[in-house]
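An overview of the molecular structure
The residues making up each chain are set out below.
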Amino acid sequence: HPRIEAYGTVDELNACIGLVVTAIQGDSEANTTLRELLGGIQSRCFDLGADLATPEGARNSEKVSRIDDADVKVLEEAIDHYQAAAPEISCFVLPGGCELASRLHLARTVCRRAERLMVHLGHAERVTPEAIRWVNRLSDLLFAMSRAANHAAGVADVPWKPKSGD
């Protein structure tokens, strides 16, 4: 069922973010902030899974925490912070670089899949618009974090090298 596919993928995303957290090395203030932000995101992923599993109007739906505009705003502010922590982008970037960035890219791709599944579900059943906006912004944040992680590690982003014409 599309609903099970959607919340199952959000659960997979949460596990990927857990892998990201295990790759954060050191106890600097920036790393502590990153761990705390990702921990909050993991909790919101759990809320999102519950939201998707228990649509509004279903039995006990009033007990479910739902993603809201404030949650989206947290991600948007974090995107601004992490975009500013890396040089301006001048080409398409491939997943890779340091281990932390690579794990962030993996989480980003799972997040994009969750978004696609949520949109698909939304064509058949109600999905809260804030939840879809939140997962969309999360994938952008994970990309910004991956670039910031590479920059902090002194590792260049992996540029896409288009196939040259013959």
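This report concerns the structure included in the present document. (Residues numbered from 1 in each chain as written. Predicted model: local features only at pLDDT ≥ 70, side-chain atom pairs only at ≥ 80, totals over all residues. Heavy atoms only, no water.)

1. Considerations on the environment of G18
Tracing the chain through its elements places G18 in helix α1 (residues 2-22). Its relative accessible area of 22% is what places G18 among the partly exposed residues. In this structure, the C-alpha to C-alpha distance between G18 and A107, residues 89 residues apart in sequence, is 9.4 Å. (Helix = DSSP H or I, 4+ residues; strand = E, 2+ residues; numbered from the N terminus. Buried < 20%, exposed > 50% of the residue type's maximum accessible area, 1.4 Å probe, protein only.)

2. Side note on the layout of surface pockets
Quantified by volume, the largest pocket comes out at close to 380 Å³. Around the largest pocket sit 18 residues that line it, and N31, L34, A148, A149 and A152 are the ones nearest its centre. For the lining of the largest pocket, the elements supplying multiple residues, two or more each, are α2 (29-53), α3 (69-84), α4 (99-124) and α5 (129-153). Of the residues forming the lining of the largest pocket, the biggest block, six residues, is contributed by α5. For the lining of the largest pocket, the class distribution of residues is twelve nonpolar, six polar and no charged. (1 Å grid on protein atoms, 1.4 Å probe; cavity = no way out; pocket = protein on both sides within 12 Å on 5 of 7 lines; lining within 4 Å. Points joined across faces, edges and corners; volume = space filled by probe spheres on them. Nonpolar A, V, L, I, M, F, W, Y, C, P; charged D, E, K, R; others polar.)

3. Comments concerning the packing of α1 against α4
Packed helices, taken two at a time, are described by their axes: the angle between them and the distance between them. Packing of α1 against α4 leaves a shortest axis separation of 9 Å and a crossing angle of 165°. Of the possible angle classes, the one that applies to α1 and α4 is roughly antiparallel. As α1 packs across α4, the resulting crossing turns out to be left-handed. A per-class count over the contact of α1 with α4 returns 18 nonpolar, three polar and five charged. (Axes fitted to C-alpha atoms, helices over the stretch in contact; angles between N-to-C directions. Parallel < 35°, antiparallel > 145°, perpendicular 65-115°, else oblique. Left-handed = near helix turned anticlockwise from the far one by under 90°.)

Nothing here speaks to function; it is geometry throughout.
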